[in-house]
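Spelled out, the chains give:
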Amino acid sequence: MIINSPVGRFPFSVDSVRIRRRRILLRGSMGTWPATVEATASDIPPVLARISGGLVLLLVGAAVVLVAVGVVIGALLF
């Protein structure tokens, strides 16, 4: 993915995806810098509002699966 910022455009490459404390964490690098993207449930509706119908269903399904996996893994680890 590409991150647009006031100082330029940088590729963001994802090294890992985790769910921790009801947050989705993407760890990777933005250009040459290590970076983390953190999203919560409240971040999802604004994103979905900007996306077309079929893709919304796909993303909602993926989010449900990620949350379910995170709950199961959390229950097993803690």
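Draft legend 1. Representation of the overall build of the chain in the model. Helix and strand content of the chain: two helices and four strands. Ordered by position in the sequence, the α and β elements of the chain form the string β-β-β-β-α-α. In terms of its C-alpha atoms, the chain occupies a principal-axis envelope of roughly 40 × 35 × 15 Å. For the chain, the residues scored as buried account for 12% of the 78 residues in total.

Draft legend 2. Summary view of the environment of Ala-75. Topologically, Ala-75 is positioned in helix α2 (residues 53-77). Given the relative accessible area of 58%, Ala-75 is considered exposed. The spatial distance from the C-alpha of Ala-75 to the C-alpha of Val-65 is 15 Å, given a sequence separation of ten residues.

Draft legend 3. Focus on the environment of Pro-34. Counting through the fold element by element, Pro-34 comes out in strand β4 (residues 33-40). In sequence terms Pro-34 and Val-60 are 26 residues apart; their C-alpha atoms lie 28 Å from each other. Dropping the residues within four chain positions of it, Pro-34 is found in contact with Gly-28 and Ser-29.

Draft legend 4. Broad picture of the pairing of β4. Strand direction decides the pairing type here: strand β3 (residues 23-30) and β4, joined by eight bridges, are antiparallel. Paired with Leu-25 across the two strands is Glu-38, which belongs to β4. Once β3 ends, the chain turns through two residues before running back antiparallel as β4, passing Gly-31 with a positive phi of about 65°.

Draft legend 5. Inspection of the sheet that holds strand β1 (residues 2-5) at higher detail. Strand order in the open sheet made by the four strands is β1-β2-β3-β4, with antiparallel pairing throughout. Of all the strands in the sheet, just β1 and β4 have a single pairing partner and so form its edges. In this sheet, neighbouring strand axes are inclined to one another by 40° on average, regardless of whether the strands run parallel or antiparallel.

What counts and how
Residues numbered from 1 in each chain as written. Predicted model: local features only at pLDDT ≥ 70, side-chain atom pairs only at ≥ 80, totals over all residues. Heavy atoms only, no water. Helix = DSSP H or I, 4+ residues; strand = E, 2+ residues; numbered from the N terminus. Buried < 20%, exposed > 50% of the residue type's maximum accessible area, 1.4 Å probe, protein only. Contact = heavy atoms within 4.5 Å. Pairing = 2+ DSSP bridges. Axes fitted to C-alpha atoms, helices over the stretch in contact; angles between N-to-C directions.

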